[in-house]
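The chain contents come next:
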Amino acid sequence: MNYDRRQRKPSFLAFSGAVFAAAAVGLSAYASHGVGTGLAQSHLQTAALFAFGHGLALAALAPGTTRRMGKVALCLLLLGTLLFSGSLVASVLGGLGTRLAPAGGITLMLGWLLWALDAVRR
């Protein structure tokens, strides 16, 4: 199959995934070296873990996703990661609560279930 890379369109989802992965590395380093309390370290490490894993998934899966259901699933992963990891980071850096983390976790689960449904329907 001849595939000209110039035909590919930029992918906001893949870009977002790469940014999540990069931010996760920084968060992990900050958690290890810049935060004193155990709970703050735990929150940042968890946020970094979820941001890295879902960022990697977005960066890898987004460029080849053409079906609408698959794109919606990846958008849910993007939103869920923002809500979940963002809530944990905001609790440490801004003193805000983690109220959005459960909504982010549910959104992530829905995104993965929708991705699974799309995979079965191909």
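Residues numbered from 1 in each chain as written. Predicted model: local features only at pLDDT ≥ 70, side-chain atom pairs only at ≥ 80, totals over all residues. Heavy atoms only, no water.

Participant: It is not clear to me how the pattern of salt bridges should be interpreted in this structure. Could you clarify?
Facilitator: Should their charged atoms come close, side chains of opposite charge can pair. What the rule picks out here adds up to one salt bridge. Between Asp 118 and Arg 67 there is a salt bridge, and its shortest N-O distance comes to 2.8 Å. Note that Asp 118 is positioned in helix α4 (residues 101-121) and Arg 67 in the loop between α2 (38-61) and α3 (68-93), a separation of 51 residues in sequence. The exposure class of Asp 118 is buried, given its relative accessible area of 2%. (Salt bridge = Lys/Arg side-chain N within 4 Å of Asp/Glu carboxyl O. Helix = DSSP H or I, 4+ residues; strand = E, 2+ residues; numbered from the N terminus. Buried < 20%, exposed > 50% of the residue type's maximum accessible area, 1.4 Å probe, protein only.)

Participant: Honestly, the side chain of Thr 81 in this entry has me stumped. Any pointers?
Facilitator: Here Thr 81 lies in helix α3. Thr 81 gets classed as buried once you look at its relative accessible area, which sits at 2%. In contact with Thr 81, other than residues within four places in its own chain, are Phe 20, Phe 50, Ala 51, His 54, Gly 86 and Leu 108. (Contact = heavy atoms within 4.5 Å.)

Participant: Whenever I open this one, the packing of aromatic side chains confuses me. Can you help?
Facilitator: Remark: the centre distance and the inter-plane angle together describe each pair of aromatic rings, the angle taken between the planes. Going through the model one piece at a time under the given rule, you end up with one aromatic pair. Ring centres of Phe 50 and Phe 84 lie 4.5 Å apart, and the angle between their planes is 45 degrees; on these two criteria the pair is classed as tilted. Remark: Phe 84 occurs in helix α3 and Phe 50 occurs in helix α2; sequence separation between them is 34 residues. Given the relative accessible area of 14%, Phe 84 is considered buried. (Phe/Tyr/Trp six-rings, centres within 6.5 Å; stacked < 30°, edge-to-face > 60°.)

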